[in-house]
Amino acid sequence: MDFGILVEYYDKVESTRKRLEIIGYLTELFKKLKENPKEADDLEKIVYLTQGTIYPTIMEQPKLNLAEKSLMDFISSYYAVNVSKVENILKKTGDLGDTGQKLAEKKSGKKSQITSFMGMQEETVSVADIYNKLEEISKIQGSGSLDKKESKIHWLLARCKPLMVKYLMRIITSTMRLGVSDPTIMDALAIAYLGDKDHRTDVERAYNVHPDLGLIARKVYDKGLKGLEEVKIQIGTPIRMMLASRLNYNQILPKLGGEKFLSEYKLDGERLQVHKDGSNVTLFSRRLTNITEQYPDVREVIKKSIKAEKIIIEGEAVAMDPFYEEMQPFQVLITRKRKYDIEEMVEKVPVCLFVFDILYIERDGKEETVMDYPLLERRGIIKDVLDESEKIKLTKGKFIESTDELVEFFKEARAANAEGIMNKSIDPEESVYKAGNRGFLWVKLKSLEAGKMTDTIDVVPIGALWGKGKRANQYGTLLVAVYNEENGKFELLTRVASGFSDDDLTRFLNLLEPFKTKSLPNSVICSEKPDVWFKPGLVIEISGDELTISPKADAGKNYNNQVREKGYSVRFPVFQRIRNDKEIFDITTVDEIVELYELQG
Ligand code: AMP
């Protein structure tokens, strides 16, 4: 496919905020590949580029690794303008894509005069050409790499018309953010290749066990539903994790069948999905990134303590005191998050892996996908294969038959430094491991207080108002957003103006400086007009009195295929702390806000 055609679709997608329209454009794009099988080779590439990347997001691949500054240098040398001019345009547009497009427009004005004068045809460039060149750039390493990258970027710029330059720049700087989330792409794949949006669930099932949308698109393109059935669990490929909902403590027993369920400690550590293949152990984080390097001790203990050739289990790595007698809170575990001196930290902050689930096992040459077994059977298998020690244990669990027992167990868990309890259905039919699902088979409980916002939420500042008086020249108020997974946008939740110490205010100035931008960023929906805009970058935690509905808030105005006049907001928001350990996509989602709001009753 011609890259020019692809970016025209991107431009249409970007021009609307309506999810159904976006799905419509993508469906048209995918159908085009069906009508034109010659172009279908580009399918995976188109899917990755649409996700704003060149490789499946779960794969550890070289990154394009080009700093904005280098790219600005390359653009300025290509278009023969001073870097300061590029900087000026960037200041005005706030986006390197738009900046590149503007420069390209100026140049192409001149060029098209020459080509038409000489009767020359303009060159076209295919998606594959662009993709392959980007792939080459991602693999360049070592001395002189900047020069090599520059010449390849120039090669690309020479072939791209202004609109192509815009999206090319955004792909290179990982700021595509078309508002196309993975579920949106799946909807379009279902309609284009399976004829019906209802088939999105089939696409999603495959995606949950193998979250590589390029591969999934290929399967469904080639073989339809059969292709999707071929997608199986693979050791070394992370599976999207099952998540929990929340309820008030007195709603849990009725929701979990009314008679009996299993309650486990909700441990305050980091979730790990462990893939063991012989002596090869890989650890994935909740965001499905490979974090094996951070836990050499867990890798060793897995090799020693699991009696199965191959296995996929999940558990929570929790920091322990040096005598393994007490669990330590997450703040202690986080001190291990570093690139260097990991071994030293392994000694200082030992961890125990509390295993709570199993998804796959191969024993005595027999393989079993056990995700679909009921919970108690899965726990039974863990007991069979696990040699418990101070470094690895089955998570403590208790059968609960009344709300009084639940309250009792909650208090016990809190006294043992757990965050609360995780309540799990033991229904013999229903209680399977639902990959990628946040349903009511698992219900978390972190507080016994009902009807209030007992949990803190994680948000990103997207704007600020300058302070007055004592706070002059500082950000007195932050506008903060939550993440809407449906449209891939960060949406205004509330203003936060309290809870800041003088130190916090100074830190905000510094920490937010790199994210300052001239205008409303592409990835943000915010109807207010702050003095300063920020691209989502810094994560902070806030608390509040309760969730409310407000016409001023944008969070959730466009949710579940409905457009509302009011969004979700927070009453009396108070800043708690900066969350350097979290990335912007880890913050509280609109989905969770809606759930919390409904909980308040
Ligand atoms: P939250 O992050 O508050 O949505 O809670 C879900 C997280 O709790 C999971 O991703 C796990 O990291 C963690 N967790 C702690 N203990 C358990 C447990 N016993 N079962 C499942 N998840 C647990």
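The present account deals with the structure reproduced in this document. (Residues numbered from 1 in each chain as written. Predicted model: local features only at pLDDT ≥ 70, side-chain atom pairs only at ≥ 80, totals over all residues. Heavy atoms only, no water.)

1. Describing the packing of helix α11 (residues 200–209) against helix α12 (residues 213–229)
Point 1. The geometry of α11 relative to α12 is characterised by a closest axis approach of 10 Å and an angle of 125° between their N-to-C directions. As far as their axial angle goes, α12 and α11 are oblique. Relative to α12, the crossing made by α11 is right-handed. Between α11 and α12, the residues in contact are D202, V203, R205, A206 and Y207 and L213, I216, L225, L228 and E229, respectively.
Point 2. For the contact of α11 with α12, a count of residues per class yields 7 nonpolar, no polar and 3 charged. (Axes fitted to C-alpha atoms, helices over the stretch in contact; angles between N-to-C directions. Helix = DSSP H or I, 4+ residues; strand = E, 2+ residues; numbered from the N terminus. Parallel < 35°, antiparallel > 145°, perpendicular 65-115°, else oblique. Left-handed = near helix turned anticlockwise from the far one by under 90°. Contact = heavy atoms within 4.5 Å. Nonpolar A, V, L, I, M, F, W, Y, C, P; charged D, E, K, R; others polar.)

2. Overview of a positive patch on the surface
Point 1. Among the surface-exposed residues, K85, K92, K102 and K106 lie close enough to one another that they form a single positively charged patch.
Point 2. Elements that contribute at least two residues to the positive patch include exactly α5 (83–93) and α6 (96–118).
Point 3. Residue placement: K106 occurs in helix α6. (Patch = residues over 30% accessible without salt bridge, like charges linked within 9 Å, V, L, I, M, F, W, Y side chains within 5 Å. Areas by Shrake-Rupley, 256 points an atom, 1.4 Å probe, with all protein chains shown as cover. Salt bridge = Lys/Arg side-chain N within 4 Å of Asp/Glu carboxyl O. Lys, Arg positive; Asp, Glu negative; His and termini not counted. Charge placed at Lys NZ, Arg CZ, Asp CG, Glu CD.)

3. Some remarks on the pairing of strand β5 (residues 310–319)
Point 1. With 9 of 10 residues buried, β5 is to be regarded as a mostly interior element.
Point 2. Where strand β3 (residues 270–277) lies against β5, 8 bridges are found, and the strand directions are antiparallel. Along β5, the bridge assignment pairs H275 with I312.
Point 3. In the sheet, β5 pairs with strand β6 (residues 351–363) via 10 bridges, with the strands oriented antiparallel. Residue pairing across strands places V318 opposite C352, the latter belonging to β6. (Buried < 20%, exposed > 50% of the residue type's maximum accessible area, 1.4 Å probe, protein only. Pairing = 2+ DSSP bridges.)

4. Things to note about the site of the ligand
Point 1. Surveying the vicinity of the ligand reveals 14 residues, the closest of which are E264, R286, E316, K424 and K444.
Point 2. Here a nitrogen atom of the ligand and a side-chain polar atom of E264 are 2.8 Å apart.
Point 3. At 2.9 Å from a nitrogen atom of the ligand is found a side-chain nitrogen or oxygen belonging to K424.
Point 4. Against a free-state accessible area of 490 Å², the protein chains account for coverage of 91% of the ligand.
Point 5. At the level of secondary structure, the elements contributing two or more residues to the shell around the ligand comprise β2 (261–266), β10 (420–424) and β11 (438–445).
Point 6. Considering each element in turn, the shell around the ligand owes the most residues, 3 residues, to β2.
Point 7. The residue makeup of the shell around the ligand, split by class, is 5 nonpolar, 1 polar and 8 charged. (Near = heavy atom within 4 Å. Polar contact = N/O pair within 3.5 Å; in protein donor to acceptor, adjacent residues only side chain to side chain.)

5. Topic: the packing of aromatic side chains
Point 1. Scanning the entire structure with this criterion turns up 16 aromatic pairs.
Point 2. Plain terms: the ring middles of Y78 and Y79 are 4.8 Å apart, the flat faces sit at 85° to each other, and that makes the pair edge-to-face.
Point 3. Using a relative accessible area of 18% as the deciding quantity, one classes Y78 as buried.
Point 4. Between F508 and F575, the aromatic rings sit 5.2 Å apart at their centres with planes inclined by 75°, giving edge-to-face as the arrangement. A residue pair is termed long-range when its members are at least 10 positions apart, and F508 in helix α19 (residues 502–512) and F575 in strand β23 (residues 574–578) qualify at 67 residues. (Phe/Tyr/Trp six-rings, centres within 6.5 Å; stacked < 30°, edge-to-face > 60°.)

6. A word on unusual backbone geometry
Point 1. The phi angle at N417 is positive, at roughly 75°, despite the residue not being glycine.
Point 2. Positionally, N417 belongs in the loop between α18 (403–415) and β10.
Point 3. According to the relative accessible area criterion, N417 is partly exposed, its value standing at 33%.
Point 4. In this structure, F572 is a non-glycine residue whose phi angle is positive, near 50°.
Point 5. Position of F572 relative to the elements: it lies in the loop between β22 (567–571) and β23.
Point 6. Taking relative accessible area as the criterion, F572 reaches 55% and is therefore assigned exposed.

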